[in-house]
Amino acid sequence: MLNIILCGAPGSGKGTQSAFISQKYGVQHLSTGDVLRAEIATGSELGKQIDALISKGNLVPDDMMYGVIENYIASLPADCKGTIFDGYPRTVAQAESLTKLLQKYNMDAIMIDLMVDEQLLIQRLIERGKTSGRADDNLNTIRHRIAIYHQQTEPIAHYYLHHGSYFAVNGNHTMADVFLQIMRIIDMNLGC
Ligand code: AP5
Ligand code: MG
């Protein structure tokens, strides 16, 4: 089974690369951002609470995210080839929870960290914001999301350096070049 945690700042290419990986390796793609936006779209009370956090660029509380991941892993089909976790974990507490959950099901994961320069992140997200309709794709919120990433998400790199398999990828290149780097890491870990 191939489980990949794809980590990186907002705009680093997590969603883009997850789609490529999913297509090539036949693994499922779980984007926690997409799950949360789907809940907002239902108009539920929970969705309204989530919207208030996401539209300001703040993280959703760890316990709420844990429920999403626990349900996902518990309902994986027996023939599942693996999962790309896009945007989860985002805090050290989430990383610790995920390790325990995966262990419970005799699974593990490699962590791939997309490293992209800040100017490029902002440029990509401003460009995407022209058509994405995402409430968080505006300059102020983008800057806040990047600050939250540095404060709360970046420390998980150290967690995976010490507790798992950590691989950094230079995400400043073209989508195809970034995917080549990722494929090398995956193939090496598949023993190909
Ligand atoms: P989420 O939806 O995960 O957003 P994000 O992390 O801010 O990242 P983005 O989706 O904006 O960017 P991406 O890295 O996927 O890049 P993409 O491939 O789209 O989360 C949204 C919110 O939900 C969070 O802020 C938080 O509130 C909440 N949330 C989610 N998970 C959570 C969790 N675990 N805990 C708590 N809260 C959580 O690319 C961006 C653009 O760049 C695209 O237009 C793309 O075409 C372009 N692009 C991509 N790669 C390249 C390249 N190599 N060259 C040129 N252009 C490129
Ligand atoms: Mg994304």
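Scroll up to find the structure.
This write-up is about the structure you can find in this document. (Residues numbered from 1 in each chain as written. Chains lettered and ligands numbered in written order. Predicted model: local features only at pLDDT ≥ 70, side-chain atom pairs only at ≥ 80, totals over all residues. Heavy atoms only, no water.)

**Topic: the packing of helix 6 (residues 118-132) against helix 7 (residues 139-153)**
So, point 1. One way to put it is that helix 6 packs onto helix 7 with a least axis distance of 10 Å and a crossing angle of 140°. As judged from the angle between their axes, helix 6 and helix 7 are oblique. The two elements helix 6 and helix 7 meet at a crossing, and its hand is right-handed. On helix 7, the residues touching Glu-118, Leu-121, Ile-122, Leu-125, Ile-126 and Arg-128 of helix 6 are Leu-139, Ile-142, Arg-143, Arg-145, Ile-146 and His-150. (Axes fitted to C-alpha atoms, helices over the stretch in contact; angles between N-to-C directions. Helix = DSSP H or I, 4+ residues; strand = E, 2+ residues; numbered from the N terminus. Parallel < 35°, antiparallel > 145°, perpendicular 65-115°, else oblique. Left-handed = near helix turned anticlockwise from the far one by under 90°. Contact = heavy atoms within 4.5 Å.)

**What to know about the environment of Ala-147**
So, point 1. Residue position: Ala-147 is located in helix 7.
So, point 2. For Ala-147, a relative accessible area of 31% translates into the label partly exposed.
So, point 3. Considering only alpha carbons, one finds Ala-147 and Ala-9, 138 residues apart in sequence, at a separation of 9.4 Å. (Buried < 20%, exposed > 50% of the residue type's maximum accessible area, 1.4 Å probe, protein only.)

**Looking at the sheet that holds strand 2 (residues 28-31)**
Picture the strands of a sheet paired through backbone hydrogen bonds; they go either parallel or antiparallel.
So, point 1. The five strands are arranged 2-3-1-4-5 in an open sheet whose pairing can be described as parallel. Strands at the two margins of the open sheet, each flanked by one partner only, are strand 2 and strand 5 (165-170). Strand-to-strand twist in this sheet, taken as the mean axis angle between neighbours without regard to direction, amounts to 20°.
So, point 2. Judged from the four bridges that link them, strand 2 and strand 3 (residues 82-86) form a sheet pairing that is parallel. Across the sheet, residue Ser-31 finds its bridge partner in strand 3, namely Asp-86.
So, point 3. Seen against the sheet, helix 9 (residues 175-190) touches strand 1 (2-8), strand 4 (110-115) and strand 5 and runs at an angle of roughly 160° to strand 5. (Pairing = 2+ DSSP bridges.)

**Points about the nonpolar core**
So, point 1. Counting 25 residues, the largest nonpolar core has Ile-5, Ile-69, Ile-73, Phe-85, Leu-98 and Tyr-160 as its most contacted members.
So, point 2. When residues of this core are traced back to their parent elements, those giving at least two are strand 1, helix 3 (45-54), helix 4 (62-74), helix 5 (92-104) and helix 8 (156-163).
So, point 3. Look past the residues within four positions of Ile-69 in its chain and what remains in contact with it is Leu-30, Thr-32, Tyr-88, Leu-98 and Leu-101.
So, point 4. Of all hydrophobic cores here, the second largest spans 18 residues; its members include Val-27, Phe-167, Phe-179 and Ile-185. (Core = buried A, V, L, I, M, F, W, Y, C linked by side-chain atoms within 4.5 Å.)

**Examining the site of ligand 1**
So, point 1. Ligand 1 sits among 30 residues. The nearest are Thr-16, Asn-58, Arg-90, Arg-128 and Arg-145.
So, point 2. A distance of 3.3 Å separates an oxygen atom of ligand 1 from a polar backbone atom of Ser-12.
So, point 3. The contact in question runs from a nitrogen atom of ligand 1 to an N or O atom on the side chain of Gln-94, over 3.0 Å.
So, point 4. For ligand 1, whose accessible area on its own is 1,000 Å², the fraction buried by protein is 87%.
So, point 5. Elements that contribute at least two residues to the shell around ligand 1 include exactly helix 1 (14-25), helix 2 (32-42) and helix 6.
So, point 6. When residues in the shell around ligand 1 are grouped by element, the largest group, four residues, is from helix 2. (Near = heavy atom within 4 Å. Polar contact = N/O pair within 3.5 Å; in protein donor to acceptor, adjacent residues only side chain to side chain. Areas by Shrake-Rupley, 256 points an atom, 1.4 Å probe, with all protein chains shown as cover.)

**Some thoughts on helix 6**
So, point 1. With 15 residues, helix 6 extends 20 Å from end C-alpha to end C-alpha; this agrees with the ideal 21 Å at 1.5 Å per step.
So, point 2. Every buried residue of helix 6 is listed here: Leu-121, Ile-122 and Leu-125. Down the axis of helix 6, the buried side of the element spans an arc of 90°, and every buried residue falls inside it. Opposite its buried face, helix 6 presents the exposed residues Gln-119, Gln-123, Lys-130 and Thr-131, each directed more than 90 degrees away.
So, point 3. Structurally, helix 6 contributes buried residues whose contacts are with helix 7.
So, point 4. Gly-133 occupies a position one or two residues after helix 6 and carries a positive phi of about 75°. (Expected span 1.5 Å × (residues − 1). Arc of directions from axis to C-beta.)

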